[in-house]
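# Examining the three-dimensional arrangement
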Amino acid sequence: MRLILIAATLAVASPAAAQDAAPVVAAERAFAADAPSMGIAGSFNKWSTPDAVLIANGRARRIGEVYPDGPRPPDEPLLEWWPNFAGIARSGEMGFTTGGVAVGGERAGHYFTIWKRQADGSWKWVYDGGSGASAADVPGPDTEPVILPPGPELLEVRYAGQPPSTVPRSERAMTAVRELEVELAAAAGVDQRAAHLAMLADNGRLYVAPRPPAIGREAFGEALSHWPATFLFGPTEGGGASDYGDLVWTYGEAAWSREGQLRQGHYVRLWQRQEGGWKIVLAQLIPGPPPPPLVTTSPAGG
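Calculation criteria
Residues numbered from 1 in each chain as written. Predicted model: local features only at pLDDT ≥ 70, side-chain atom pairs only at ≥ 80, totals over all residues. Heavy atoms only, no water. Helix = DSSP H or I, 4+ residues; strand = E, 2+ residues; numbered from the N terminus. Buried < 20%, exposed > 50% of the residue type's maximum accessible area, 1.4 Å probe, protein only. Polar contact = N/O pair within 3.5 Å; in protein donor to acceptor, adjacent residues only side chain to side chain. Contact = heavy atoms within 4.5 Å. Salt bridge = Lys/Arg side-chain N within 4 Å of Asp/Glu carboxyl O. Core = buried A, V, L, I, M, F, W, Y, C linked by side-chain atoms within 4.5 Å. Pairing = 2+ DSSP bridges.

## Structural notes on the side chain of Gln284
Counting through the fold element by element, Gln284 comes out in strand S17 (residues 277-287). Gln284 gets classed as buried once you look at its relative accessible area, which sits at 2%. At a separation of 3.2 Å, a polar atom in the side chain of Gln284 contacts the side chain of Tyr127. In contact with Gln284, other than residues within four places in its own chain, are Phe112, Tyr127, Gly129, Gly130, Ser131, Tyr207, His266, Tyr267 and Val268.

## Observations concerning the pattern of salt bridges
If you walk through the whole model with that rule in mind, you get seven salt bridges. The salt bridge involving Asp34 is made with Lys46; its shortest N-O contact spans 2.8 Å. You can call Asp34 buried: its relative accessible area is 15%.

## Observations concerning the nonpolar core
By size, the foremost hydrophobic cluster in this structure holds 29 residues, and its most contacted members are Leu206, Val248 and Trp271. Counting residues per element, the ones that place at least two in this core are helix H4 (169-199), strand S11 (200-206), helix H5 (217-224), strand S15 (247-258), strand S16 (261-274) and S17. Of the residues forming this core, the biggest block, nine residues, is contributed by H4. In this view, Trp271 contacts Val177, Leu180, Glu181, Met199, Asp246, Leu247, Val248, Thr250, Trp278, Lys279, Ile280 and Val281; residues no more than four positions away in its chain are not counted.

## A closer look at the pairing of strand S8 (residues 123-131)
Counting buried positions over the nine residues of S8 gives seven, a clear majority of the element. In this structure, strand S2 (residues 48-56) lies alongside S8, joined through three bridges in parallel fashion. The residue of S8 that forms the bridge with Ser48 is Trp125. Pairing of strand S7 (residues 106-117) with S8, which is carried by eight bridges, proceeds in the antiparallel orientation. Its bridge partner lying in S8, Phe112 is registered against Gly129. Linking S7 back to S8 in an antiparallel pair, the connection comprises five residues, with Gly121 at a positive phi of about 95°.

What follows is the structure in structure tokens.
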């Protein structure tokens, strides 16, 4: 054992100073500012990558499928949104914001956007999704969002005589989170409330519609009681990781029972590597279309 300890060396990874989330917040505000003149399709296409993902009508779809680019229709209601919570990876190329949404002047829910810095330095979103969690009492557009503190700098253990890993940190982070998603799915099939509480970060947020955002452990427990007792979570369908390996977002299929009916949709989660390991800092559930009504009468002549 002593020889092993002597042979082991602790290699400190290249320092990555905590980044300022201001560019991500600025990009979100600029995106929102374009909506009144350009409309939903115009602004969404301008600020997204061509392969950006939205979850609509029960499946993950590319931006062009959901919002074909074009001018704003004259009868389109005004869509407004603003950041209440935001953060950025230590590597500075991936971030997120989430906050209130208003449609036609009426508060109507929350959005959640993942942003990636492009090769030319601009910011484009790669995922955008909505939640029916109430925005009635969240701070308004003129307030500054709460910023998620960065996770710790990463250390790597390397043994004497062994070269450093050639697997990118982003890939290693994605692999680790995929494994945690499998654990969460197994536990949620038995008791989703306990499963989520074990993996939610104390400084995270949880959207359980139509309730307001749950912030903090006490609020998590109360909000989770309003979800079904169990979920069937499918494997990670997509997502991405920061270059530094400290932020990972995921999405996949979900199924549950509500009032005796099977419902389907998608989960979306944002994970951060914190002092105690990987934790969920944002979770939402996007229901698919409701099932068709049951036929209760026989067809004519039947």
